[in-house]
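Here's the letter readout for the chains.
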Amino acid sequence: MLNSFLILFGKLVLFASRTLNFGSGSTWPGHIAMETNANFVRDVLKKNPELKIVLIAGTNGKTTTSLMLMKILEQSGLKVFRNEAGANLLNGIASSIIKKSNLTGRLNFDIAIFEVDENNLGEAIKQLIVHSSQLSVVLLNLFRDQLDRYGEVNTVAAKWEDALKKLKDNTLVFTNGDDPKLSYIAQKSELEAYYFGIDHKSSVISNKLGYDVDFTYCPQCQTKLKYEKVSYSHLGKFVCPKCGFTNPETETFPSLLHPLIGKYNIYNQNAAALVAQKAFDISEKVIRTALVDFKPAFGRQEVIKYKGRDVLILLSKNPAGFNQSIDAVRTLDKKGNILFALNDRIPDGRDVSWIWDVDFEVIAELRGKVFISGDRVYDMALRLKYGGFDLVYTQIHAELKDAIEAAMEETEKGETLFVLPTYSAMLEVRKILTGKKIL
Amino acid sequence: MKKYSLTIGWLYPDLMNTYGDRGNIIVLQKRAEWRGIKVEVKQIFVDSSPYSLVTSDLLFMGGAQDTQQEIVNRDLQGPKGRILIEKVEKGTPGLFICGAYQFLGKYYRTADNKKLPGLGVFPLYTENPGERAERLIGNVLVEPKIKDIIQPLIGFENHGGRSYLEDKSMALGTVVRGFGNNGGDRTEGIVYKNSFGTYLHGPILPKNPQLADLLLTRALEQKYGEPFDSAQGTKFHLEPLDDSLEQKAREAIIKRL
């Protein structure tokens, strides 16, 4: 009864916020529901014993992977819903349930995909543990990110390891077989585990580790791992010279096309494909068809037309992600200019130290002009100054709107403006470009 | 003009670099090179020979997480630890951030009450009051207590351990905003001979170029025999650089504190 009331009330809040144009991403109804009944999610899911659930955790790529998996599942005729991008705390999950259920709490769907914040995996699992239907848990990757908010990656890894112990033994675990720590955690967990990777033969891959790495020592005996291949950050083909710990066998789906640029998106895509294949028995052919015309999630390699120019937004919120964005810009090798926007608000993390672990040096010789903006624009300016940029050619605009307008003026027809923003800056950029408040 | 050169020894870049501390190395290298000083950055790993430490004119070590610190701690029980102690004692300048700063103290008492011995160079000890105690996180402003640094030091701190100096007059500075060594006695960091220990990330040197230049100056004095004289201040003269961007970055953050 209480839950029905919470659903009704939540639906009214959602309706009102949409009508009044507060944007559709409101987590308010879920927040109220969880405050009133801390087990709201668990209670509603209990009433839907047929609903299969996929939980996706990771530092980078949660939203893209969720969206890809949803497309694949829908392509094979399944009814799927997911929580909205970025609304990945329990209140976001609860909100999506309120939105998609009827008043009795019935969810007329086959599958729910929930992306969860790396620090909330344990909480989410607690809510799902009594659920009787199939549960799949995807651990995409783990990189240091907003250390002032999330804490150190070892702490997060320990939490994940703990969370896996609480899962029922029919749970399927999917993780990155190129990540030493995560593949180790999955192998130790005794759950049925599957590993995705990327085809190391086909892509340009170095064997040198950068400065954005977190797990390069053997998780078993703490000896420095030898990397034969590095795809990015600490992901690659490794072996421990002391105890022999190495990658598990990985699935790489060489037949799939790649609608998005960057090695990180191949990992995301292969994660989605592996879940579709192993948990839902979907053929590679269907997966291939489903992703041919894949459109990225907002702010993740999203192209927005503005004043007749293409603006390509590449969300860049931590060292590993930022380096991948820079790599993507270099790979595309398109004519255009670049805008870095660095904020230090709560969703970005208050500490901006991490920009010094990003290799700006590799694009110091970029042909286009560089524009910088955001709350911490001068920290970014210093990073570029010491990264070998000639700041005479760099425009500094504290206001994002000014930066975008100035950059547009310098961007010719047919050229692209690449925007690499932190999370809150990305939302702001989209608002300026689309005129809409949130999504 | 005499050609100067410096070797910067960067201790454990693959283990002690969680908080962007690599920026300090980049800044030291660039600010030296912009003045025509040749710089070699020598990365010192667990499997590097201890000799690499012997030939360094300036030492740097950053902060890290517990697991990584355990690996480093084991390595420093060996010859590298002894050489590091000797170098600091003999006046080789060094910058030791957060975890490294704690290492050079007498001991570190962990959250689960394990007492890990440090190198015992810095007269201080560190205690972690337990998992329940809040980490000390946020922007910091410190009034420096050393002669060659006039402007306040700014940075970002993020640490669970609380450090206590045996002699508070050895502090690098007094906390104006933030927590500092322990959140209680308003001290931040330590100055010991030519070495500096501090909790300031940010990283510290890009926005505190005076400290970067002080480290370079001391390293040049040590190497080229014009020793620092506490009565007269620093003798070695570095060409001034245009630090207007650094100033703007400083002002932007100071305004918000």
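Residues numbered from 1 in each chain as written. Chains lettered and ligands numbered in written order. Predicted model: local features only at pLDDT ≥ 70, side-chain atom pairs only at ≥ 80, totals over all residues.

### Focus: the overall build of chain B
Formally: Secondary structure elements are taken from DSSP: a helix is a run of H or I of four residues or more, a strand is a run of E of two residues or more, and numbering for both begins at the N terminus. We take the radius of gyration over the C-alpha atoms and set the globule estimate at 2.2 Å times the residue count to the 0.38 power. In this scheme the burial state of a residue depends on its C-beta neighbours within 10 Å: 20 or more other such atoms mean buried, 12 or fewer mean exposed, and anything in between means partly exposed; the C-beta positions come from the backbone. Any two residues are considered in contact once their C-beta atoms, placed from the backbone, lie within 7 Å.
Within chain B, the regular secondary structure consists of eight helices and 14 strands. Since a compact globule built from 257 residues should have a radius of gyration of about 18 Å, the 17 Å found for chain B is in line with a globular shape. Of all 257 residues assigned to chain B, the portion counted as buried reaches 49%. Counting only contacts in chain B whose residues sit at least 6 apart along the sequence, the fraction spanning at least 24 positions is 68%.

### Some words on the confidence of the model for chain B
Counted only if it meets this: pLDDT: the predictor's confidence for each residue, scored from 0 to 100.
Scored by pLDDT, chain B comes out at a mean of 93, with 95% of its residues at no less than 70. Across the whole predicted complex the pTM is 0.92, and at the interface the ipTM reaches 0.94.

### Digging into the environment of Gly9 of chain B
All names here are of chain B. With respect to the helices and strands, Gly9 occurs in strand 1 (residues 5-11). Sequence separation of Gly9 and Glu40 is 31 residues, and the distance between their C-alpha atoms is 8.5 Å. Excluding residues within four positions of it along the chain, Gly9 makes contact with Lys42, Ile44, Ser52, Leu53, Ser56 and Leu59.

### Remarks on the packing of helix 13 (residues 377-386) of chain A against helix 8 (residues 244-256) of chain B
Cut-off, in case you're wondering: What counts as an axis is a line fitted to C-alpha atoms, over the stretch in contact for a helix, and the angles between N-to-C directions run from 0 to 180 degrees. Oblique is the label for any angle not under 35 degrees, not over 145, and not in the 65 to 115 range, which are roughly parallel, roughly antiparallel and roughly perpendicular in turn. Two helices cross in a left-handed way if the nearer one is turned anticlockwise from the farther one by less than a right angle. They cross in a right-handed way if the turn is clockwise. Each residue gets one label: Ala, Val, Leu, Ile, Met, Phe, Trp, Tyr, Cys and Pro are nonpolar, Asp, Glu, Lys and Arg are charged, and the others, such as Gly, are polar.
Between helix 13 of chain A and helix 8 of chain B, whose axes approach to 8 Å, the crossing angle comes to 150°. The pairing of helix 13 of chain A with helix 8 of chain B is recorded here as roughly antiparallel in orientation. The interaxial crossing formed by helix 13 of chain A with helix 8 of chain B has left-handed handedness. Across the interface between the two elements, Tyr378, Asp379, Ala381, Leu382 and Lys385 of chain A of helix 13 of chain A pack against Leu245, Glu246, Lys248, Ala249 and Ala252 of chain B of helix 8 of chain B. Taken together, the residues of the contact of helix 13 of chain A with helix 8 of chain B sort by class into six nonpolar, no polar and four charged.

### Digging into the packing of helix 4 (residues 62-75) of chain A against helix 11 (residues 284-291) of chain A
All names here are of chain A. For the pair helix 4 and helix 11, interaxial distance at closest approach is 9 Å and the crossing angle is 115°. Here helix 4 and helix 11 pass one another in a crossing that is right-handed. Residue-level contacts link Met68, Lys71, Ile72 and Gln75 of helix 4 to Val286, Ile287, Thr289, Ala290 and Leu291 of helix 11. A per-class count over the contact of helix 4 with helix 11 returns six nonpolar, two polar and one charged.

### Side note on the sheet that holds strand 11 (residues 173-177) of chain B
Residue and element names in this part refer to chain B. Rules: Between any two strands, at least two bridges found by DSSP are needed for them to pair.
Spatial strand order, 9-8-11-12: four strands in an open sheet with antiparallel pairing. Edge strands, defined here as strands with exactly one partner in the open sheet, are strand 9 (153-159) and strand 12 (187-188). Relative to strand 11, strand 8 (residues 136-144) is paired through four bridges, and the arrangement is antiparallel. Opposite Glu143, over in strand 11, you have Thr174 as the bridge partner.

### Here we look at helix 2 (residues 28-36) of chain A
In plain terms, the rule: What the arc measures is the spread of directions leading from the helix axis to the C-beta atoms.
Pro29, Gly30, Ala33 and Met34 of chain A are the residues of helix 2 of chain A that are buried. One face of helix 2 of chain A carries all of its buried residues, which in axial projection span an arc of 125°.

### A short note on the interface of chain A and chain B
The partner chain B presents 27 residues to the 22 residues of chain A that form the contact. Within the residue set of the side of chain A that touches chain B, elements represented by two or more residues are helix 7 (147-150) and helix 13 of chain A. Class assignment of the residues belonging to the side of chain A that touches chain B gives a composition of ten nonpolar, four polar and eight charged.

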